[in-house]
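Notes for the structure review
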There are 2 protein chains.
Amino acid sequence: MAPRGRPRDTQVDERVLRIAAALIFERGYAGLSIDEVAEQAGVAKTTLYRRWSTKDHLAVAVVARLQADDEITDTGDIRADLVDYMEKIAAGLNRMRAAGGREGPSAGAVGELVAAAARHEDIGRLTREQYATRNTIALALIERARVRGELRADLDAEALFDQLAGALYYRVMITGAPIDRAYAERLVSSALEGSLTCH
Amino acid sequence: MAPRGRPRDTQVDERVLRIAAALIFERGYAGLSIDEVAEQAGVAKTTLYRRWSTKDHLAVAVVARLQADDEITDTGDIRADLVDYMEKIAAGLNRMRAAGGREGPSAGAVGELVAAAARHEDIGRLTREQYATRNTIALALIERARVRGELRADLDAEALFDQLAGALYYRVMITGAPIDRAYAERLVSSALEGSLTCH
DNA sequence: CCAATTACGAAACTGGAGTTGCGTAATTGC
DNA sequence: GCAATTACGCAACTCCAGTTTCGTAATTGG
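Residues numbered from 1 in each chain as written. Chains lettered and ligands numbered in written order. Predicted model: local features only at pLDDT ≥ 70, side-chain atom pairs only at ≥ 80, totals over all residues. Heavy atoms only, no water.

Let us look at the domain arrangement of chain A. Residues and elements named next belong to chain A. By the assigned domains, chain A splits into domain 1 (10-64) and domain 2 (78-188). One C-alpha centre belongs to domain 1, the other to domain 2, and the line joining them spans 27 Å. On the domain 2 side, the residues contacting the 10 residues of domain 1 number 14 residues. Buried surface at the junction of domain 1 and domain 2, both sides included, amounts to about 1,000 Å², of which 72% is carbon and sulfur. Here domain 1 is connected to domain 2 by one salt bridge. Asp56 is paired through a salt bridge with Arg119; the nearest N and O atoms lie 2.9 Å apart. The interface formed by domain 1 and domain 2 contains three residue pairs in polar contact (both at pLDDT 80 or more). Elements with a contribution of two residues or more to the side of domain 1 that touches domain 2: α1 (10-27) and α4 (55-64). It is α4 that provides the largest number of residues to the side of domain 1 that touches domain 2, a total of four residues. Residues belonging to the side of domain 1 that touches domain 2 are distributed by class as follows: five nonpolar, three polar and two charged. (Domains from an automatic or database assignment. Contact = heavy atoms within 4.5 Å. Buried area = accessible area lost by both parts, 1.4 Å probe. Salt bridge = Lys/Arg side-chain N within 4 Å of Asp/Glu carboxyl O. Polar contact = N/O pair within 3.5 Å; in protein donor to acceptor, adjacent residues only side chain to side chain. Helix = DSSP H or I, 4+ residues; strand = E, 2+ residues; numbered from the N terminus. Nonpolar A, V, L, I, M, F, W, Y, C, P; charged D, E, K, R; others polar.)

Here it is as structure tokens:
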């Protein structure tokens, strides 16, 4: 069952990812040099490129490990559950943002990841799939709340989730503002309660 | 009042931006080569770098000209006005997205711009200022609707706008889904009407 | 043991961003 | 006219991502 030729040295992957992560956090995305990673890891550059076809692919692999597998909690209180979920997404974003290298308001590595997804078909597909999974879970949460009568029957769940998640990304990438629990609560309140005076 | 030394050739700016725009739309951000732009424009590379300190700066200058100055209309119907405004933002995003070079779902040049803002302090500051201006205008629109009683008195205008604008960016950059008038309407409806059943 | 296959290392190479140094051109202030 | 100042072109240069070539090592199947 083992593949035909010489097997890959599995220790390389772990070592490289650790070194690359250290470089990204220390000097930012631009400060990540393939040559330097290869040298510090004690492997040839070709060995790196066999595993990650571009610097973008390597960086994405590094950052992907930062994302905790956001477990979603369904307590029956949709407001609390959504705030919780938003906070988890925000934590992931803030972690990636810290990998920017630059201080001050800046998207950090988040922007580079979006650019990487735009540059490489496969990275784009991969991240879209991850987000689709997340979407599905969140939409199910919303749907359950709708079914049990907590939310409007004619709810547009997709729009609701886009609003919530989108606002987080918008803040991190465009306005550069920090996101914390207080903001997550404001966001969920605004989205749930709406803006019209028809109450 | 004229500056001291030899004046810059003002024709260069226009010519370079036109050529760079053509290259970006034809081959995408990665296909934009400084050497090629310089050659086609008939100027030296140093002349380019005197005006735009990096390729990112040049590209941002190119794309900045794509953005129409979104004039905001205040008809007194906040729902219609917001849909209108969202559609204008969406049009700008779709235009930039077209500058990606790649076909299929992809952020196109939008992702590169976000990355550029993250990479260069000055670009980040500049774009944040532009967005701040836009924010101010939109917040004023919302505020007027609130004052005349169309919107809730205890409205969180900032959160509302983040939700709307954020969802657009989220769709373009992350999910890669297209945005049209129908989506803008869904978005505004969802945000205005809220999701709770307490109506 | 042997052929096929895949991984690895080393080194040279290509291409593009950005820099540097230098000679020359255009302008202002005097 | 003359000095100071800024723009321009040209060419060589550095740096880094990514590629190519080639010799060698480890593994499977027979």
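Turning next to the interface of chain B and chain A. In this complex, chain B contributes 54 residues to the contact, which on the side of chain A involves 54 residues. Interface of chain B and chain A: buried area, both sides summed, is about 5,000 Å²; carbon and sulfur atoms make up 52% of it. By the criterion of area lost to chain A, the three top residues of chain B are B:Arg152, B:Tyr170 and B:Ser195, representing 14% of everything that side buries. Applying the counting rule to chain B against chain A returns 12 salt bridges. For A:Arg186, the salt bridge identified is with B:Glu158, shortest N-O distance 2.9 Å. Where chain B touches chain A, the interface holds 23 residue pairs in polar contact (both at pLDDT 80 or more). For the side of chain B that touches chain A, the secondary-structure elements that each account for two or more residues are α6 (109-119), α7 (121-147), α8 (157-175) and α9 (181-193) of chain B. Sorting elements by how many residues they give to the side of chain B that touches chain A places α8(B) first, with 15 residues. Of the residues contributing to the side of chain B that touches chain A, the split by class is 24 nonpolar, 14 polar and 16 charged.

Surveying the vicinity of DNA strand C reveals 27 residues, the closest of which are A:Arg6, A:Asp9, A:Thr47, B:Lys45 and B:Lys55. Close to the protein, within 4 Å, the atoms of DNA strand C are drawn from sugar and phosphate at a rate of 68%. Note that a phosphate oxygen of DNA strand C is positioned 2.8 Å from one of the backbone N or O atoms of A:Asp9. Counting residues per element, the ones that place at least two in the surface near DNA strand C are α3 (45-51) of chain A together with α2 (34-41) and α3 (45-51) of chain B. When residues of the surface near DNA strand C are assigned to their parent elements, the largest contribution, four residues, is made by α3(A). Broken down by class, the residue content of the surface near DNA strand C amounts to eight nonpolar, eight polar and 11 charged. (Near = heavy atom within 4 Å.)

Our focus in this paragraph is the nonpolar core. A:Met86, A:Met173, B:Met86 and B:Met173 are the most contacted members of the largest nonpolar core, which has 138 residues in total. Dropping the residues within four chain positions of it, A:Met86 is found in contact with A:Phe161, A:Leu164, A:Ala165, A:Leu168, A:Ala184 and A:Val188. (Core = buried A, V, L, I, M, F, W, Y, C linked by side-chain atoms within 4.5 Å. Buried < 20%, exposed > 50% of the residue type's maximum accessible area, 1.4 Å probe, protein only.)

This part is about the packing of aromatic side chains. Enumeration over the complete set of coordinates arrives at six aromatic pairs over all chains. With 6.1 Å between their ring centres and 70° between their planes, A:Tyr131 and A:Tyr169 make a pair best called edge-to-face. Within this pair, whereas A:Tyr131 is found in helix α7 (residues 121-147), its partner A:Tyr169 is found in helix α8 (residues 157-175), the two being separated by 38 residues in sequence. In terms of burial, A:Tyr131 and A:Tyr169 fall into one category: buried. Between B:Tyr85 and B:Phe161, the ring centres sit 6.4 Å apart and the planes meet at 25°, which makes this aromatic pair stacked. Of this pair, B:Tyr85 sits in helix α5 (residues 78-98) while B:Phe161 is found in helix α8, placing the two residues 76 residues apart along the sequence. In this structure, B:Tyr85 and B:Phe161 share a single accessibility class: buried. A connected cluster of aromatic rings, assembled from ring pairs, spans A:Tyr131, A:Tyr169 and B:Tyr170. For A:Arg171, the ring lying beneath its charged end belongs to A:Tyr183, and the centroid distance is 4.1 Å. (Phe/Tyr/Trp six-rings, centres within 6.5 Å; stacked < 30°, edge-to-face > 60°. Lys NZ or Arg CZ within 6 Å of the ring centre and 35° of its normal.)

Another point: helix α1 (residues 10-27) of chain B. Residue pairs spaced three or four apart in an α-helix point in one direction, given the helix's 3.6 residues per turn. Residue and element names in this part refer to chain B. When the terminal C-alpha atoms of α1 are compared, their 27 Å separation across 18 residues agrees well with the 26 Å that a helix rising 1.5 Å per residue should span. Turning to α1, the residues buried within the fold contact α2, α3 and α4 (55-64). The residue sitting at the N-terminus of α1 and contributing the capping side-chain oxygen is Asp9; that oxygen lies 3.0 Å from the backbone nitrogen of Gln11. Following α1 by one or two positions, Gly28 adopts a phi angle in the positive range, close to 85°. (Expected span 1.5 Å × (residues − 1).)

We now examine the relation of the copies chain B and chain A. Superposition record for chain B on chain A: RMSD 0.0 Å, screw rotation 180°, translation along axis 0.0 Å. Expressed as a symmetry operation, the mapping of one chain copy onto the other fits a two-fold axis. Minimal C-alpha separation from the rotation axis in chain B is found for B:Gly194, amounting to 1.7 Å. When the interface residues of chain B are mapped onto chain A, 100% of them are again interface residues, pointing to one common binding face. (Least-squares fit on C-alpha atoms with pLDDT ≥ 70 in both.)

Let's shift gears to the UniProt feature "domain: HTH tetR-type" (unreviewed entry) in chain A. Following the UniProt record, one finds the feature "domain: HTH tetR-type" (unreviewed entry) at residues 10-70 of chain A. When the span residues 10-70 of chain A is considered, its composition is 70% helix and 0% strand, and the gap between its end C-alpha atoms is 27 Å. (UniProt positions renumbered as here; feature names shortened; annotations may be inferred.)

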